[in-house]
Number of protein chains: 2
Amino acid sequence: MGYPERKNKILRILDKKESLDVQEIADELGISAVTIRRDLVQLAEEGLLIRTHGGAMKAPARHPFTAFADKETVAASRKKYIGKLAASLVKPGDTIFMDCGSTVFAMCPHLKTISPLRIITNSLPAAAEFMDSPGIQVNLAGGEMDGQRKAIHGDRAIAHIRSYHAAKAFIGTDGLSVKHGLTAFSEKEASISTAMAASADKLFVLCDSSKIGKDSYLKFAPLSALTALITDRELAPSQETQLKGKGVKIIQ
Amino acid sequence: MGYPERKNKILRILDKKESLDVQEIADELGISAVTIRRDLVQLAEEGLLIRTHGGAMKAPARHPFTAFADKETVAASRKKYIGKLAASLVKPGDTIFMDCGSTVFAMCPHLKTISPLRIITNSLPAAAEFMDSPGIQVNLAGGEMDGQRKAIHGDRAIAHIRSYHAAKAFIGTDGLSVKHGLTAFSEKEASISTAMAASADKLFVLCDSSKIGKDSYLKFAPLSALTALITDRELAPSQETQLKGKGVKIIQ
DNA sequence: ATGAAAATGATTATTTTTGATCGAATTCGA
DNA sequence: TCGAATTCGATCAAAAATAATCATTTTCAT
């Protein structure tokens, strides 16, 4: 029984049980507790459940703002690292694009001290973050609000983004692989990302190592479009060599 | 039972009980009081509740955009009254403009149950308010964010508003008098209000009685533009007769 | 087929969690 | 204002869970 099969079984058990512990799953599936723990770590990273000491809990309904607020996961600490790193590429006087993903949002705390700075974004949490930062000018894309993603999406927003130019664009991605380049989970996010990429001189992609080597379903940009990939230090060496082989500059 | 699970249970209890004490929770969950105290400290740090001596209290709801910090002043209760009244003019299927004033914002809680509804606004708190209301489609004006007013202003925003049409516009004003009509304190707000008024079939002005008969410095619309004035019940009779004499319809 | 890479399981050391205890701080009534 | 009762914070020890390490098996691309 491979990981994908166990993953399904674990999630199915969780559907009924609300919370469960490691040993319980191990017994039920006839698999060692060590492996179950490894599975749970991975499932937690994918956001499909919440890891607890001793087991796991159902993931709360994907509420982006709470998703941004979840501090205890491994992915969150990676995001913080990546956010800080990405923010260090921003200089006073810059104009930058920022998309609406949580990884890109992690840049915000580190950008507050940079002044002057102009940020063009479709992310409401990002806009809120700079509400009281006088040195930072925020330009919010207009259009239909997506309450789930806490962002502005749609044709209108894309037209808005297209009408601006910025030196640097910072975008996230749901998947990144040598084979398929950048992939997104949703058409909405992909189109905004594409528009930002097209209107910026440099394109920085923020992506934690858990998503590298994986693909989501919608291809939206080739690796050749990247100025650099910003990721964490846990990137598998094999992935690293593959990406470097393709000429991708990696910042970590 | 680990911390995450207890955390949920504690918050669920708090949802119903408003306030609770340590021993009470400890008994209910069958866990030592020491542990509950530790939990409460952590929950308080996360801002999910307020720690008190001996227990905890509900935390005030916090949204990405902290709405207007109106306390329980007289003006606030008038605004609530006006907001409810104005909301009663909105029907399912409407498309409406809402500006970024606090009086107009007071409509929001009463609009949440109206579905379907399309709202075009430049107010960030209003947008945030409907973030979780699936039946309500929010169209946010794009452009430069004004952190002080928690709204989007500028040419871009005005062009955005102008490109739409709505059946009804709800706007606030800083002053309203028979002599000078509607007056505003700031160019920014006035231009947005004008644009909304121009693109709507009906114009409703929300203005509490304390501002009626007073003028701010920038005239932005004549009384004849109003479909109706929505105000509170404390309007001075003399003002009322004057306004009616000018053909202003008053809803209160 | 074959060797490298990945997945799995067992074992051990480390970390986390929990509850108990005790002195210090806070609340509340007189 | 004072004193008793309660609550709090810090420290400690025990138990549980985890992370790290290593050997073994499986998988996969060549």
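Values in this document were obtained by computation on a predicted structure and should not be read as measured data.

## A few points about the protein's contact with DNA strand C
Neighbouring DNA strand C are 18 residues, the closest being Arg6(A), Thr35(A), Arg6(B), Thr35(B) and Arg38(B). Of what DNA strand C places within 4 Å of the protein, 61% of the atoms are sugar or phosphate. Here a phosphate oxygen of DNA strand C and a side-chain polar atom of Arg6(B) are 2.6 Å apart. Take Ser32(B): an N or O atom from its side chain is 3.1 Å from a phosphate oxygen of DNA strand C. Put simply, the parts of the chain that give the surface near DNA strand C at least two residues each are helix 3 (33-45) of chain A together with helix 3 (33-45) of chain B. Of the residues that constitute the surface near DNA strand C, the class distribution is six nonpolar, eight polar and four charged.

## Structural notes on the side chain of His153(A)
All names here are of chain A. Mapped onto the elements, His153 comes out in strand 8 (residues 151-153). We classify His153 as buried; its relative accessible area is 2%. In contact with His153, other than residues within four places in its own chain, are Cys100, Asn122, Gly143, Glu144, Asp146, Lys188, Glu189 and Ile192.

## Here's the deal with the state of the cysteines
All names here are of chain A. Across all of its chains, the model carries zero disulfides over all chains by this definition. Here Cys100 is not disulfide-linked; the sulfur of Cys108 is the nearest cysteine sulfur, at 12 Å. The exposure class of Cys108 is buried, given its relative accessible area of 0%.

## Comments concerning the confidence of the model for chain A
For chain A, the mean per-residue pLDDT works out to 86, and 93% of the residues sit at or above 70. The low-confidence segment residues 62-74 of chain A, where pLDDT is below 50, has 19 contacts with residues more than four positions distant or belonging to other chains.

## Considering the pattern of salt bridges
Summed over all chains, the structure comprises 21 salt bridges over all chains. Between Asp39(A) and Arg6(A) there is a salt bridge, with its nearest N and O atoms 2.5 Å apart. Pair noted here: Asp39(A) is in helix 3 and Arg6(A) is in helix 1 (residues 3-17), with a separation of 33 residues, a long-range link. When sorted by exposure, Asp39(A) lands in the same class as Arg6(A), which is buried. We note a salt bridge from Arg149(B) to Glu189(B), for which the minimum N-O separation is 2.4 Å. Residue Arg149(B) is located in the loop between strand 7 (143-146) and strand 8 (151-153), and its partner Glu189(B) is located in helix 9 (residues 187-198); the two are separated by 40 residues in the primary sequence. Taking the relative accessible area as the measure of exposure, Arg149(B) reaches 23% and is therefore partly exposed.

How each quantity is defined
- Residues numbered from 1 in each chain as written.
- Chains lettered and ligands numbered in written order.
- Predicted model: local features only at pLDDT ≥ 70, side-chain atom pairs only at ≥ 80, totals over all residues.
- Heavy atoms only, no water.
- Near = heavy atom within 4 Å.
- Polar contact = N/O pair within 3.5 Å; in protein donor to acceptor, adjacent residues only side chain to side chain.
- Helix = DSSP H or I, 4+ residues; strand = E, 2+ residues; numbered from the N terminus.
- Nonpolar A, V, L, I, M, F, W, Y, C, P; charged D, E, K, R; others polar.
- Buried < 20%, exposed > 50% of the residue type's maximum accessible area, 1.4 Å probe, protein only.
- Contact = heavy atoms within 4.5 Å.
- Disulfide = S-S within 2.5 Å.
- pLDDT = per-residue confidence, 0-100.
- Salt bridge = Lys/Arg side-chain N within 4 Å of Asp/Glu carboxyl O.

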